[in-house]
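Coordinate analysis (summary)
What follows is each chain in one-letter form.
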Amino acid sequence: MNYVRRLKGHKDTVLCCIASRARPGIVASCGEDGQICYFDLRCKDVVISLDVGGQPVSSICFKPDNECAIYASVGSEVKSFDLNMASSDKILESYNYNKEEINQIG
C-alpha cells in the first residue's frame, strides 16, 4: 500500500524539492515565500526553517561532500547555509556573479 504524505512548512508555492543521498528520509524544499524547509520524514513537522531574506528561493542543493551545508539560488545570487547553525539564519558564503536570475543549481 502506498501512502501519500503532505509536508507542511511553506506559506507559498514550493519551487524545488531535493532528497538527501546520504541520509534516507531527509528532504529539503524552497519556495516563493523565501524559506528553505528541511524535513525528516520520521517526524511530523518541519525540522528546520531558514528565512533567506524574503525573496523567492528558486533552487537548492546539498553540498556534495557535506550535506550539513545547503546552497540556495536567490535572484542572481547563490547563498550557502550551515544546517547545524540554522537557528541563526546566517549566510556562510554568498556568490553574486550573474546578471540574470539563477533558475537552477545542482
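Above: the structure in question.
The structure reproduced in this document is the subject of the present report. The structure presented is a predicted model; accordingly, all values stated were derived computationally and were not measured.

Overview of the sheet that holds strand β5 (residues 57–63)
The strands that make up a sheet pair up through hydrogen bonds in the backbone, lying either parallel or antiparallel. Overall, antiparallel pairing links the four strands, which are arranged β5-β6-β7-β8 in an open sheet. Edge positions in the sheet fall to β5 and β8 (91–95), since each has one partner strand and no second. On average, each strand axis in the sheet is tilted by 20° relative to the strand beside it, whichever way the strands run. Here strand β6 (residues 66–74) runs beside strand β7 (residues 77–82); their pairing, made up of six bridges, is antiparallel. Its bridge partner lying in β7, Tyr71 is registered against Ser80.

As for the state of the cysteines
A covalent bond between the sulfur atoms of two cysteines is referred to as a disulfide. The tally for this structure, following the rule as stated, stands at zero disulfides. Cys30 provides the cysteine sulfur closest to Cys16, a residue in no disulfide bond, and the two sulfurs are 4.6 Å apart. The class of Cys16 is buried, set by a relative accessible area of 17%. For the unlinked cysteine Cys68, the closest cysteine sulfur is that of Cys61, found at 14 Å.

Observations concerning the pattern of salt bridges
Scanning the entire structure with this criterion turns up one salt bridge. Here Arg42 ties to Asp40 by a salt bridge, and the two come within 2.6 Å at their closest N and O atoms. What makes Asp40 buried here is its relative accessible area of 12%.

Reading guide: rules and limits
Along each chain, residues carry numbers from 1 onward, in the same order as the chain's sequence is written. Given that this is a predicted model, residues contribute local features only at a pLDDT of at least 70 and side-chain atom pairs are listed and counted only at 80 or more, while totals for whole chains, interfaces and linings are drawn from all residues. Side-chain descriptors were evaluated using all non-hydrogen atoms of the structure, hydrogens and water having been removed beforehand. Here, strands pair whenever DSSP counts at least two bridges between them. Numbered from the N terminus, helices here are DSSP runs of H or I no shorter than four residues, and strands are runs of E no shorter than two. Axis definition: a line fitted to C-alpha atoms, over the contacting stretch in the case of helices. Angles run 0 to 180 degrees between N-to-C directions. Put simply, a disulfide is two cysteine sulfurs that come within 2.5 Å. Buried means the residue's accessible area, taken with a 1.4 Å probe over protein chains only, is under 20% of the maximum for its type, while exposed means over 50%, and partly exposed covers the values in between. Definition used for salt bridges: Asp or Glu carboxyl oxygen within 4 Å of a side-chain nitrogen of Lys or Arg.

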